[in-house]
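Tertiary structure, described
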Amino acid sequence: MRRLRVRMAGLGALALAIFVVASCGRPRGFDPQTLVFVSEDIPAGLDSDGPAAAIATTQTGFVNLMEPLVGYARVPGPGGVSLPDGTRFEGRLAESWAYAPATRTWTFRLRRGVKSCAGNELTAQDVVYTFARAKSVSGAAPIGWFLASVASVDGFDPKVLTDPGRRRLGDEVVALDRYTVRIRQSAPNALFLHALATFGLLIFDHRAARAVATRTDPWSHAPINGTNVPGFGAYCLARWVKGSEMVLVANPGWYRGPPRIARVVMKRVPQSANRYVLMRMHEAQLAERLTPREYLRVGNARGVRVLGAEGNENLFVHMNWRTKPFDDVRVRRAVAAALPRAWIIRNGYFGAARTWTGVVPSRYPGFVGDAAAVREDRAEARRLLASAGYPVGRGLASHADAFRLAYIAEKEASLGPIASAVRSALRDVGIPAELDPIPSTQYGDRQLVKKDLPFALNDQEKPAALDAGYAIQLFFASPDAGGVNNMVNYANPAVDRLWTAARVETDPRRRAAAIAAIQRRLIADVAWAPVVEYRTQWAADSRLRGLGWYPDNAVRFGDLSYAR
């Protein structure tokens, strides 16, 4: 009887999804100029230094409305999904570049004739403005400054964060003429081009940005975050209904010419069951973040195929080092030992995942893992709790608020069952975990800006540069060592010292050895508790071509076209 009730509940959810689609009318005829893209949300803001910058669906907005100077060269991948080559770069807004080791300067020659959505031509002043805005650290999250710091751009050191007198751009980034810009580094750094290829240093149209500036908001954070971002991307913003829909239209001034798909409709469809039905009924041509079970089923539908890549998506348990009792490594290790990874792989991801043994994506050069550190052992978890003064979990009830396991509410269909399994496993060893799903905007603000989430299940941290050192600086370096997204407030002076030396090391072997040593320390400290790495997947109309995997996992609509 219980099994029948569960089954009927599932059928009820599917019936509701079908009703939602049916209420929108019958499936439309195929339009080769339009793409309907459905996800659990649409961009919450458009300021790459804003409070929603770490949210994956928001990043989809950045990368389609703006463009970097350079990007990773693309290579064919399995199943028709192109992949980035982390060892080679190609020009995007820059047509060429050169490096002068003696002066540690990079000279970029920009493409001519590139136009923003406002109709302004790309010039070197746009690049200068982008770096000046980043150095101002005036946004809610200083991601532009962080990436320039990662790249060792001169003057973008951590002192900028505490000394307002250092926030004005000097001669470290200068326009040599209308189409040439020079960038000076403070030290050699292998991450320079990697940083320039990421979403936080996409180039602004400085004329359009300044047109909406005010005395109290000279860098236009509010209008950019809430109204429109002035950029040189493949698409222009045509319509934005917050929390519902964003419509993009092709930018005729894009550096590659107008995209082949002229109009993209991004729709917020929070329930993955509804996204699944939209794809089956051909009301959408591309969907992301379905559940693993839904991907298995939708791949059998007529006119739909599932595409994917082994990229950098992962799941881990976040424990804030400033929240008791997570300041005790024995408690963190107990949580890690109790996690039901095999169950999660089998039942949460239906086999489209593997145990994550480190803290950096395993596909990244320089990855180091430790299988013993992520072995499920509930007896060991109980022993660790006892050694920390909590035998059979006694005393942990006084930290009940710390054990509220947060996760993004919009991902309930995929993360909800996993979170329940984690809660059950933790309670089995004496940890009084409870579930706390919260909206994505609140989650992003608390994670990236306030950094006050005590306990969370996180599946959205994707280092956007294909380098293990980048991930280390992004997530684990202290602010004094250039970190910006250290959401768990991890602190280890030895790691900071090792990274400070490694980031400017010119000998590849010595740099690799230092990065390996850092990863071993992070694993031993349980900087966070890795769970699994899972496959990045999309459900796509069978006529759609050109899909590519990027390190930020955001779809580039300008790559896409329909087969004739």
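Up top is the structure these notes are about.
Described in the following lines is the structure provided in the data block.

A look at the overall build of the protein chain
Scanning the protein chain for helices and strands turns up 18 helices and 21 strands. Radius of gyration (C-alpha) of the protein chain: 24 Å, near the 24 Å computed for a compact globule of 564 residues. Evaluated residue by residue, the protein chain yields a buried proportion of 59% over its 564 residues.

Concerning the pairing of strand β9 (residues 245–250)
Of all 6 residues that make up β9, 5 are buried, and the element is covered over most of its length. Inspection of the sheet shows strand β8 (residues 235–241) paired to β9 by 6 bridges, in the antiparallel sense. Residue Val 241 lies in a different strand from β9, and its bridge partner there is Glu 245. Counted along the chain from β8 to the antiparallel partner β9, the turn is 3 residues long, and its residue Gly 243 has a positive phi close to 75 degrees. As defined by bridge partners, β9 adjoins strand β10 (residues 263–268) across 5 bridges and the pair is classed as antiparallel. The partner of Glu 245 across the bridge, within β10, is Lys 267.

Focus: helix α13 (residues 378–387)
Listed as buried for α13 are Ala 381, Leu 384 and Leu 385. Buried positions in α13, seen along its axis, are confined to an arc of 100 degrees and lie on one side of it. Its buried side turned inward, α13 meets α11 (329–338). Where α13 begins, one side-chain oxygen reaches toward the backbone nitrogen of Ala 379, 3.3 Å away; that side chain belongs to Asp 377. Downstream of α13 by one or two residues, Gly 389 has phi in the positive range, about 95 degrees.

Brief notes about the sheet that holds strand β19 (residues 536–541)
Taken in spatial order, the 7 strands line up as β8-β9-β10-β1-β11-β19-β12 in an open sheet, and their pairing is mixed. This sheet does not close on itself; its edge strands, each paired only once, are β8 and β12 (304–309). Strand-to-strand twist in this sheet, taken as the mean axis angle between neighbours without regard to direction, amounts to 20 degrees. Looking at chain direction, strand β11 (residues 286–288) and β19 are connected through 3 bridges and run antiparallel. Opposite Leu 286, over in β19, you have Ala 540 as the bridge partner. Sitting on the sheet, helix α2 (residues 56–65) is in contact with β1 (34–39), β8, β9, β10 and β11, with an inclination near 145 degrees to β8.

Concerning the sheet that holds strand β7 (residues 180–184)
Spatial ordering of the open sheet is given by β4-β5-β7-β6, a layout of 4 strands whose pairing is antiparallel. Every interior strand has two partners, whereas the edge strands, β4 (94–100) and β6 (173–177), have only one. Taking the axes of each pair of neighbouring strands and ignoring which way they run, one obtains an average angle of 20 degrees across the sheet. In terms of strand pairing, strand β5 (residues 105–110) meets β7 through 5 bridges, oriented antiparallel.

Here's the deal with the environment of Val 555
As for its position among the elements, Val 555 is in the loop between β20 (544–545) and β21 (561–562). Sequence separation between Val 555 and Gly 395 is 160 residues, and the spatial gap between their C-alpha atoms is 47 Å.

A closer look at the packing of helix α17 (residues 493–502) against helix α18 (residues 508–525)
Any two packed helices are characterised by the angle at which their axes cross and by the distance between the axes. Their axes nearest at 9 Å, the elements α17 and α18 cross at an angle of 160 degrees. In terms of orientation, α17 and α18 fall into the roughly antiparallel class. When you trace α17 past α18, the crossing you get is left-handed. Taking contact as the criterion, the partners of Ala 494, Val 495, Leu 498, Trp 499 and Ala 502 in α17 are, on α18, Arg 511, Ala 514, Ile 515, Ala 517, Ile 518 and Arg 521. Across the contact of α17 with α18, the residue classes break down as 9 nonpolar, no polar and 2 charged.

Thoughts on the nonpolar core
Judged by nonpolar contacts, the single largest core of 120 residues is most densely connected at Phe 108, Phe 131, Leu 286 and Phe 557. It is helix α3 (residues 124–135) that contributes the most residues to this core, 7 residues altogether. With residues up to four places along the chain from it excluded, the contact list for Leu 286 reads Leu 35, Val 36, Phe 37, Val 38, Met 279, Trp 538, Ala 539, Ala 540, Leu 544, Leu 547, Val 555 and Leu 560. Core analysis: the second largest hydrophobic core is formed by 40 residues, Tyr 349, Leu 384, Tyr 407 and Phe 455 among them.

The rules we used
- Residues numbered from 1 in each chain as written.
- Predicted model: local features only at pLDDT ≥ 70, side-chain atom pairs only at ≥ 80, totals over all residues.
- Heavy atoms only, no water.
- Helix = DSSP H or I, 4+ residues; strand = E, 2+ residues; numbered from the N terminus.
- Rg over C-alpha atoms; globule rule 2.2 N^0.38 Å.
- Buried < 20%, exposed > 50% of the residue type's maximum accessible area, 1.4 Å probe, protein only.
- Pairing = 2+ DSSP bridges.
- Arc of directions from axis to C-beta.
- Contact = heavy atoms within 4.5 Å.
- Polar contact = N/O pair within 3.5 Å; in protein donor to acceptor, adjacent residues only side chain to side chain.
- Axes fitted to C-alpha atoms, helices over the stretch in contact; angles between N-to-C directions.
- Parallel < 35°, antiparallel > 145°, perpendicular 65-115°, else oblique.
- Left-handed = near helix turned anticlockwise from the far one by under 90°.
- Nonpolar A, V, L, I, M, F, W, Y, C, P; charged D, E, K, R; others polar.
- Core = buried A, V, L, I, M, F, W, Y, C linked by side-chain atoms within 4.5 Å.

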